[in-house]
Amino acid sequence: MSKGSNKPHPHSHLFGEKVKPKNWISTVKRIGRYFSDQKWLLSAVLFMVIISSFLSLLGPFLIGVAIDSYIVKKDAEGLWKLLIGLIFVFAGHSVSIWLQNYWMIGIAQQTVYKMRNNLFKQFHRLSISFFDKRQHGELMSRVTNDIENVSSTLNSSFIQVFSSILTLAGTVGVMLYLSPLLTLISLSIVPLMYFGLKWITKRTGARFKEQQRNLGEINGYVEEITSGQRIVKSFSQEQRVIEEFMVKNEKLRESGYWAQTFSGFIPKLMNVLNNGSFALIAGVGGVLALNGKVSIGVIVIFVEYSRQFTRPLNDLANQFNTLLSAVAGAERVFDILDESQEESDEGGAIDLSSVKGRVDFQDVAFSYEKDEHTVSNLSFSVEEGETVALVGPTGAGKTTVVNLLSRFYDTDKGKVLLDGHDIKKIKRSSLRSHMAFVLQDSFLFEGSIFENIRYGRLNATDEEVMEAAKLANAHSFIQKFPKGYNSILNQEGSGISQGQKQLLSIARAILADPSLLILDEATSSIDTITEMKIQEALQRLMRGRTSFVIAHRLNTIQQADLILVLHDGGILEKGTHEQLLHQNGFYSSLYHSQLKRDA
Ligand code: ADP
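These numbers were taken from a predicted model, which means no experiment stands behind them. Throughout, residues of each chain are indexed from 1 in the direction in which the sequence is written. In view of the model being predicted, local features appear only for residues whose pLDDT reaches at least 70, and side-chain atom pairs are presented and counted only at 80 or more, with totals across whole chains, interfaces and linings using the full set of residues. Side-chain figures throughout are based on the complete set of non-hydrogen atoms in the structure, without hydrogens or water.

A word on the side chain of Ser52. Helix numbering and strand numbering both begin at the N terminus, where a helix is a DSSP run of H or I of at least 4 residues and a strand a DSSP run of E of at least 2. Within the secondary structure, Ser52 is located in helix H2 (residues 39-71). The class for Ser52 is buried, based on a relative accessible area of 4%. A distance of 3.0 Å separates a polar side-chain atom of Ser52 from the backbone oxygen of Val49. Apart from the residues lying within four places of it in its own chain, the contact partners of Ser52 are His93, Ser96, Ile97 and Gln100. Each residue is assigned to one of three classes by its accessible area relative to the maximum for its type, calculated with a 1.4 Å probe on protein chains only: buried under 20%, partly exposed between the two thresholds, exposed over 50%. Residues adjacent in sequence count toward polar contacts only when both atoms are side-chain atoms; beyond that, a polar contact is any pair of N or O atoms within 3.5 Å, and within protein one must be able to donate a hydrogen and the other to accept it. Residue contacts follow a heavy-atom distance rule, with two residues in contact if any of their heavy atoms lie within 4.5 Å.

Structure, rendered in structure tokens:
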């Protein structure tokens, strides 16, 4: 389910949702560090907030003065002057608000811009194990939702919280100065407001959570069903799926109805309380005025202030949770920034300018999790240019061998040698520059076919790209596209077949011209002609290169120089096809059972 749909509801603070950051002081400090090169701008914003808060107090105050000193005394000239002053106050207020917002947007955008850059850079410093442990969606949500949350909060809530506090303090201060009694009356609605809101929210909280949960469920369901449309259709499950959806949808309607209805009471309640306090102030104020205790101007000021008073109170309550959830979001971003990075290369790690391709595994052991044994006692040697086939049931450790060779993970015990060098002593970038991967699920980027093949070697000319495509048996199908090599592929590679994708990734590998090849054979059903083309292209690609083939079908690896049969993370059998058949062991029975199945 997308996290986006989980945005806290504006009133969600009222429902006690737990979005609390773990250590918000240090997180806030750390966000602060992002501001450090914008200190001046931030000071200017804070200054403008002070000005606007002050002016928002001054406006109503001047109106009171206008009444008491000029209107009551019928001083037209003084009134005019004051009114002109008032225009400046209101205009100044607007300008200061506009400026603080304008500058703050700049600060916020600059901050999240830096955060996004840092986060994306960090992704490339993290080891593969980090990505293996997490879902794409979760990481996507860091880059998009969490950072967006920080951005929108910085844009508005930050200023609002600050100005609300100032306005509240200022309002109460001036009110106390003018009339302690009226202040007490104005403040009397605060506990009413508090308990009233609590009463409502206790009843709505559960409903809102329920609505969120139901929404999440529906999102997940739609995502699942739309991506599995083919399965739904092929098993004729449309009716059942529609019925299931209707049940979920009904639940969402029900919870949405109650949540919205109840939360609709909140502004109504505020309105009633506001009007109540208005009446109280006017009533009590009126009596006081009759007794000459306060002036009419003061009553007007109080009416205005009491309105100004409930607004920031409300804002504060609303913004506080938004702030907390943004801090929690920032914390999640920082957590990733603090993840340990792929260990940097050992001091003195070497660059290999050319690689012949001899590989030795010497008594290698490794596990993904502590106290487990994913692979152990792995020892074998591959001469340069030879082909090794890795065979074995799912989970046997085939991919792990390849992960160790490419140093996506490092061995716990034993050594892997390339041309006699311990690969831990070779720079990772150098090691990987001599390798190419042709994987089952060939990955294509959004871009032209030219660009996708050229990913193998960025400085290749168009002619070299085409040459590689020809060797990969991809040239002819590429030419059939209306735009040929300039055709744009999208990420999913829609419009081209699985087999064609594979041919493109072979072309990419041919262009890269590595000494080490890692092939993950396609398991998916590909038509025989394409399959033949792929096999032919692979043979060309593998010629003269040390190749590790993760084999799923045994008929394609009979030529391999070495077949490793893995089982439970160990080498069960090793040898050539003939030798293994002679042994009459696991491989032999696997081979014969596949023969039977294919027949
Ligand atoms: P194969 O490629 O032969 O199917 P793998 O090498 O992928 O097998 O997996 C070997 C074992 O290691 C399996 O038991 C698998 O569950 C486990 N494993 C693979 N990748 C990870 C990972 N990233 N974290 C933890 N365990 C893993």
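Don't stop here, the text continues.
Next up on the list: the nonpolar core. Think of a nonpolar core as a cluster: buried Ala, Val, Leu, Ile, Met, Phe, Trp, Tyr and Cys residues, connected wherever their side-chain atoms sit within 4.5 Å. Ile453, Ile478, Leu504, Ile506, Leu541, Ile557 and Ile563 are the most contacted members of the largest nonpolar core, which has 45 residues in total. Top contributing element to this core by residue count: helix H16 (residues 498-512), with seven residues. What Leu541 contacts, discounting residues up to four positions off in sequence, is Val438, Ile506, Ala509, Ile510, Leu517 and Leu519. Counting 31 residues, the second-largest nonpolar core is a separate cluster that includes Leu352, Tyr409, Ile423 and Ile426.

An automatic or database domain assignment provides the domain bounds reported here. By domain assignment, the protein separates into domain 1 (28-337) and domain 2 (359-598). Centre-to-centre, using C-alpha coordinates, domain 1 lies 55 Å away from domain 2.

Right, let's get into the environment of Asn321. Mapped onto the fold, Asn321 is located in helix H10 (residues 296-338). Given a relative accessible area of 8%, Asn321 falls into the buried group. Each C-alpha atom, one on Asn321 and one on Ser157, is 9.8 Å from the other, the two residues being 164 residues apart in sequence.

Let us now look at the sheet that holds strand S5 (residues 421-422). One open sheet holds the four strands; their spatial order is S2-S1-S4-S5, and the pairing between them is antiparallel. Both outer strands of the open sheet, strand S2 (375-382) and S5, are each paired with one neighbouring strand and no more. Between any two strands, at least two bridges found by DSSP are needed for them to pair. Note: strand S4 (residues 413-418) against S5, two bridges, orientation antiparallel. Bridge pairing links Leu418 to His421 in S5. Only C-alpha atoms enter the line fits that serve as axes; for helices the fit covers just the stretch in contact. Angles between N-to-C directions range over 0 to 180 degrees. With respect to the sheet, helix H11 (residues 398-405) is in contact with strand S1 (359-366), S2 and S4, its orientation differing from that of S1 by roughly 115°.

Our focus in this paragraph is the pattern of salt bridges. What makes a salt bridge here is a side-chain nitrogen of Lys or Arg within 4 Å of a carboxyl oxygen of Asp or Glu, nothing more. Within the structure shown, the criterion is met by 19 salt bridges. The salt bridge involving Asp363 is made with Lys413; its shortest N-O contact spans 3.8 Å. Of this pair, Asp363 sits in strand S1 while Lys413 sits in strand S4, placing them 50 residues apart in sequence. Exposure remark for Asp363: the relative accessible area of 34% places this residue in the partly exposed category.

Turning to helix H6 (residues 180-187), a few remarks are in order. Side chains three or four residues apart in an α-helix point the same way, a direct result of the helix having 3.6 residues per turn. Within the span of H6, buried status applies to Leu182, Thr183, Ile185 and Ser186. Across the axial projection of H6, the buried residues extend over an arc of 160°, all falling on one side. Exposed and facing more than 90 degrees away from the buried side of H6 are Pro180 and Leu184. The arc refers to the directions leading from the helix axis to the C-beta atoms.

With that out of the way, let us pick up the site of the ligand. Residues are labelled near a given molecule or strand when at least one of their non-hydrogen atoms is within 4 Å of it. Around the ligand lies a shell of 13 residues, among which Gly395, Gly397, Lys398, Thr399 and Thr400 are the nearest. Within the side chain of Asp132, an N or O atom sits 3.5 Å from a nitrogen atom of the ligand. Within the side chain of Thr400, one N or O atom sits 2.4 Å away from an oxygen atom of the ligand. Areas reported here follow the Shrake-Rupley algorithm with a probe of radius 1.4 Å; residue values treat only the protein chains shown as occluding. In isolation the ligand exposes 560 Å². Once the protein is present, 64% of that is buried. Examining the composition of the shell around the ligand, we find that three residues originate from one element, H11, more than from any other. Three categories are distinguished: nonpolar for Ala, Val, Leu, Ile, Met, Phe, Trp, Tyr, Cys and Pro, charged for Asp, Glu, Lys and Arg, and polar for the others, with Gly belonging to the last. Here the residues of the shell around the ligand are counted per class, giving four nonpolar, six polar and three charged.

This part covers the pairing of strand S10 (residues 546-550). S10 sits mainly inside the fold: five of its five residues count as buried. The alternating pattern of S10 places Thr546, Phe548 and Ile550 and Ser547 and Val549 on opposite faces, both of which are buried. Judged from the four bridges that link them, strand S3 (residues 387-391) and S10 form a sheet pairing that is parallel. In the sheet register, Leu390 faces S10, and the bridge partner there is Ile550. Bridge analysis of strand S9 (residues 516-520) against S10 gives five bridges, and the strand direction is parallel.

With that settled, consider the side chain of Ser367. Checked against the element boundaries, Ser367 lands in the loop between S1 and S2. Relative accessible area serves as the criterion here: at 12%, Ser367 is assigned to the buried category. Among the polar contacts made by the side chain of Ser367, one reaches the main-chain carbonyl oxygen of Glu369 at a distance of 2.9 Å. There is a polar contact of 3.1 Å between the side chain of Ser367 and the backbone oxygen of Glu372. Once residues within four sequence positions are removed from consideration, Ser367 is found in contact with Glu372, His373, Thr374 and Asp412.

The subject of this paragraph is the packing of H2 against helix H3 (residues 76-125). Put simply, H2 and H3 touch, their axes get as near as 8 Å, and they point 160° apart. Compared by their axis directions, H2 and H3 come out roughly antiparallel. Remark: the crossing between H2 and H3 carries left-handed chirality. Here the residues of the contact of H2 with H3 are counted per class, giving 25 nonpolar, eight polar and no charged. For classification purposes, an angle smaller than 35 degrees is called roughly parallel, one larger than 145 roughly antiparallel, one from 65 to 115 roughly perpendicular, and anything else oblique. A crossing counts as left-handed when the near helix is turned anticlockwise from the far one by less than a right angle, and as right-handed when that turn is clockwise.

Moving on to the environment of Arg116. Positionally, Arg116 belongs in helix H3. Sequence separation of Arg116 and Val355 is 239 residues, and the distance between their C-alpha atoms is 37 Å. Residue contacts for Arg116: discarding those within four places in its chain leaves Val143 and Ile147.

The next thing to look at is the packing of aromatic side chains. Each aromatic ring pair is summarised here by two numbers: the centre-to-centre distance and the angle between the ring planes. Two aromatic rings from Phe, Tyr or Trp, using only the six-membered ring of Trp, form a pair when their centres are within 6.5 Å; if the ring planes differ by under 30 degrees the pair is stacked, by over 60 it is edge-to-face, and anything between is tilted. Going through the model one piece at a time under the given rule, you end up with 20 aromatic pairs. Here the aromatic residues Phe120, Phe123, Phe130 and Phe131 are joined through ring pairs into a cluster of three or more. Two limits define a charge over a ring: the Lys NZ or Arg CZ must be within 6 Å of the ring centre, and within 35 degrees of the ring normal. Stacked on the ring of Phe334, the Lys or Arg Arg30 has its end atom at 4.3 Å from the ring centre. In this arrangement the basic side chain of Lys248 is found over the ring face of Tyr221, its NZ or CZ atom lying 5.1 Å from the centre.

Before going further, it helps to spend a moment on unusual backbone geometry. Phi is positive for Ser236, close to 50°, though the residue is something other than glycine. Note on placement: Ser236 falls in the loop between helix H8 (229-234) and helix H9 (238-290). Phi at Arg407 is positive, roughly 60°, even though this residue is not glycine. Structurally, the position occupied by Arg407 is in the loop between H11 and S4.

Glancing now at the sheet that holds strand S6 (residues 435-438). Read across the open sheet, the six strands follow the order S6-S9-S10-S3-S11-S12; overall the sheet is mixed. Edge positions in the sheet fall to S6 and strand S12 (570-575), since each has one partner strand and no second. On average, each strand axis in the sheet is inclined to that of its neighbour by 20°, with strand direction left out of account. Sitting on the sheet, helix H17 (residues 528-542) touches S3, S6, S9 and S10, and the angle it makes with S9 is about 160°.

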